[in-house]
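Each chain, letter by letter, is given below.
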Amino acid sequence: GGLLVYAESNVESGKQIVEKNQSEPEKKKRIVVLGTGWGGTSFLKDLDISSYDVQVVSPRNYFAFTPLLPSVTCGTVEARSIVEPVRNIIKKRSGEIHFWEAECLKIDPENHKVFCRSGINDNLAGHNDFSLQYDYLVVAVGAQVNTFNTPGVMEHCHFLKEVEDAQRIRRTVIDCFEKAVIPGLSEEERRTNLHFVIVGGGPTGVEFAAELHDYVHEDLARIYPLVKDFVKITLIQSGDHILNTFDERISSFAEQKFQRDGIEVLTGCRVNSVSDHFINMKVKSTGQHVEVPYGMVVWSTGVGTRPFVKDFMEQVGQEKRRILATDEWLRVKGCSNMYALGDCASVDQRKVMEDISATFKAADKDDSGTLSMEEFRDVLDDIIISYPQVDLYLKNKKLLAATDLLRDSEGNEREEVDIEGFKLALSHVDSQMKSLPATAQVAAQQGTYLARCFNRWDQCKTNPEGPRRFKSSGRHEFLPFGYRHLGQFAPLGGDQAAAELPGDWVSMGHSTQWLWYSVYAR
Ligand code: FAD
Ligand code: MG
Ligand code: MG
Ligand code: MG
Ligand code: MG
């Protein structure tokens, strides 16, 4: 409907009453963001909020700087210094964002609605249900711990996902020492109380083990000198190596360091169940079952999909997948107007070979059926941009090797490439494709990327979908998300690492191993 505007009327002066039907200013599109972790927060930080009506839903009204969570377990860092209230973040964005402290329970993609419940964490007040309508939905709800349905884990183990978890672990470590010094216990009982077990040899488990080791040997040994020699830290890993997603040099460095520190690493062991006093595990190589008495267990194995996301995946035909799939533009597959990023989703990268004929055609500008060497090099540059998930280093190496294929037997560069040569040259690139790791670095970069796409939406009205297209055949409207791994390899137990957050929320110099692998500067 139009807005009726009456112009100033002055009948006496003979002017006529003008009735103007001015078109209504276009209504702002509604973006609903689920989650205020790394992905959601970095999206909000970079979104041009003047163009959108933004609503944020998250059961936690703060952002948590997760890389420092392991340090909270040992009191090296205070919990309050690693959180930033969402309302502070919003305030910096001139208050145009609405925040609702609630949990999303259900997504209705057909009617563009989300159903939420507030007051879930609150035992005193009852809860309230409400729904929100969206034009665009950004799902950044992260993941939950994965127990692999191992019996007893939920009941008896600690997790290290949330700030509360870290605080709880800290209290439990002290409790274990207090229990161990009680008079009249046998040495074995003291040892059991002071047996700290970490299940999972990924970066979080490894870092926690290292932090705990320092805490126990530097601080607690002085407070509890009588029992200090009974402390034992064990790391159980089902794979053959700890940190197995990292470079081999790093994982063996970590293993050696742990050996020197006296942290026992049990690789090739699978935990079958956990009871109130024992871990039951199977040694894979021998098939033997072993009962391990413990004082505290921290369970830190991988990430799992949240139940409401699982339900949603069933609704949109993704029931066979382990994790919500998006395309390279972070659009949820099988849905319209919905985006997902961070730990709750995974980019389903197209393979170079799937598009190989179209790529060749686009590069062959004169339709001669062959590419000149110049055209070939141009198209390689495009491929690096358009298939960002092919690990860059490997990609460059492989693509260099690909150019080698284009030499004749005397080593002279060929003048032209036909489709067969083109396919041959690129046939190895896809095998190097890796899925992106579940890290803050990825989530934050995806948030920024998506915000920038939204900010450019108006400029790209003609083709908001961001077609896959090469330079040779036209310009990109939106480039696909390309992850830049900013980490660098450095030995464990390095001196100092700086955490640079997107923006200026928290930053501190602190020695944590993970921070060496991940650099947050953008
Ligand atoms: P999260 O940051 O987990 O955010 C999810 C958000 O969604 C939260 O605000 C949550 O409250 C909210 N939410 C949950 N359920 C709902 C719902 N139903 N409705 C609405 N909102 C919901 N990565 C690194 O790169 N470097 C590190 O050093 C590092 N260290 C880590 C240490 C620890 C102990 C842990 C646990 C993780 C670490 N990570 C690290 C991984 C990193 O924290 C995650 O990859 C990152 O948090 C993922 O961001 P996200 O936005 O996808 O999810
Ligand atoms: Mg998030
Ligand atoms: Mg977070
Ligand atoms: Mg992901
Ligand atoms: Mg040609």
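Quick notes on the rules
Residue positions are given per chain, counting from 1 as you read along its sequence in written order. Chains carry letters from A onward and ligands carry numbers from 1 onward, assigned in written order. Selection of residues for local features in this predicted model requires a pLDDT of at least 70, selection of side-chain atom pairs for listing and counting requires 80 or more, and totals for whole chains, interfaces and linings are taken over all residues. To get the side-chain values, take all heavy atoms of the structure and skip hydrogens and water. Secondary structure elements are defined from DSSP: runs of H or I of at least 4 residues count as helices, runs of E of at least 2 residues count as strands, and each element is numbered from the N terminus. Nitrogen and oxygen atoms within 3.5 Å of one another constitute a polar contact, given that in protein one can donate a hydrogen and the other can accept it, and given that sequence-neighbouring residues count only through two side-chain atoms. Contacts are residue-level and defined by heavy atoms, with any inter-residue pair within 4.5 Å sufficient. Note on donors: an N, O or S atom is included if it sits within 2.8 Å of the metal, or within 3.2 Å for Na, K and Ca, and water is never included, so sites can look incomplete. Whether a residue is buried, partly exposed or exposed follows from its accessible area with a 1.4 Å probe, protein chains only, as a fraction of its type maximum: under 20%, in between, or over 50%, in that order. In this description, strands pair whenever DSSP reports at least two bridges between them. Each reported salt bridge corresponds to a side-chain nitrogen of Lys or Arg within 4 Å of a carboxyl oxygen of Asp or Glu. Here the arc refers to the set of directions running from the helix axis out to each C-beta atom.

1. Remarks on the side chain of T36
(1) Moving on: Here T36 is to be found in the loop between β3 (29–34) and α1 (38–46).
(2) Moving on: A distance of 3.0 Å separates polar atoms of two side chains, one belonging to T36 and the other to S58.
(3) Moving on: Setting aside chain neighbours within four positions, we find T36 in contact with T41, V56, S58, R60, Y62, F63, V86 and F99.

2. A closer look at the side chain of T359
(1) Moving on: Within the secondary structure, T359 is located in helix α10 (residues 356–363).
(2) Moving on: A polar contact of 2.7 Å, which involves the side chain of T359, links it to the backbone oxygen of D355.

3. Things to note about the coordination of the magnesium ion (ligand 4)
(1) Moving on: At this site the magnesium ion (ligand 4) is bound by G342 (O) and A345 (O), with donor distances of 2.3 to 2.4 Å. Side by side, G342 and A345 carry an identical accessibility label, which is buried.

4. Here's the deal with the pairing of strand β8 (residues 113–118)
(1) Moving on: Only one face of β8 is buried: it carries V114, C116 and S118, and the other face, with K113, F115 and R117, is open.
(2) Moving on: Relative to β8, strand β7 (residues 97–108) runs antiparallel, the two being bridged by six bridges. By the bridge assignment, D108 is partnered in β8 with K113.
(3) Moving on: Linking two consecutive strands that pair antiparallel, namely β7 and β8, is a turn of four residues; a positive phi of about 55° is found at H112 within it.
(4) Moving on: Strand direction decides the pairing type here: β8 and strand β9 (residues 128–133), joined by six bridges, are antiparallel. When the bridges of β9 are listed, V114 appears paired with L132.

5. What about the pattern of salt bridges?
(1) Moving on: Tallying each qualifying case throughout the model produces 13 salt bridges.
(2) Moving on: R30 serves as the salt-bridge partner of D135, at 3.3 Å between the closest nitrogen and oxygen. Taken together, the residues span a long stretch of sequence, with D135 in the loop between β9 and β10 (136–139) and R30 in strand β3 at a distance of 105 residues.
(3) Moving on: Given a relative accessible area of 18%, D135 falls into the buried group.
(4) Moving on: Owing to a relative accessible area of 25%, R30 belongs among the partly exposed residues under this scheme.
(5) Moving on: D165 is paired through a salt bridge with R168; the nearest N and O atoms lie 3.3 Å apart. Taken together, the residues D165 and R168, both in helix α5 (residues 163–181) and three residues apart, mark about one turn of the helix.
(6) Moving on: Overall, D165 belongs to the buried group, its relative accessible area being 10%.
(7) Moving on: Counted as one network, the salt bridges with shared partners bring together R60, E162 and E164.

6. Considerations on helix α13 (residues 419–426)
(1) Moving on: Residues of α13 that are buried include every one of G421, F422, A425 and L426, and no others. Across the axial projection of α13, the buried residues extend over an arc of 120°, all falling on one side. Seen from the open side of α13, the exposed residues pointing more than 90 degrees away from its buried face are E420 and L424.

By themselves these figures say nothing about function.
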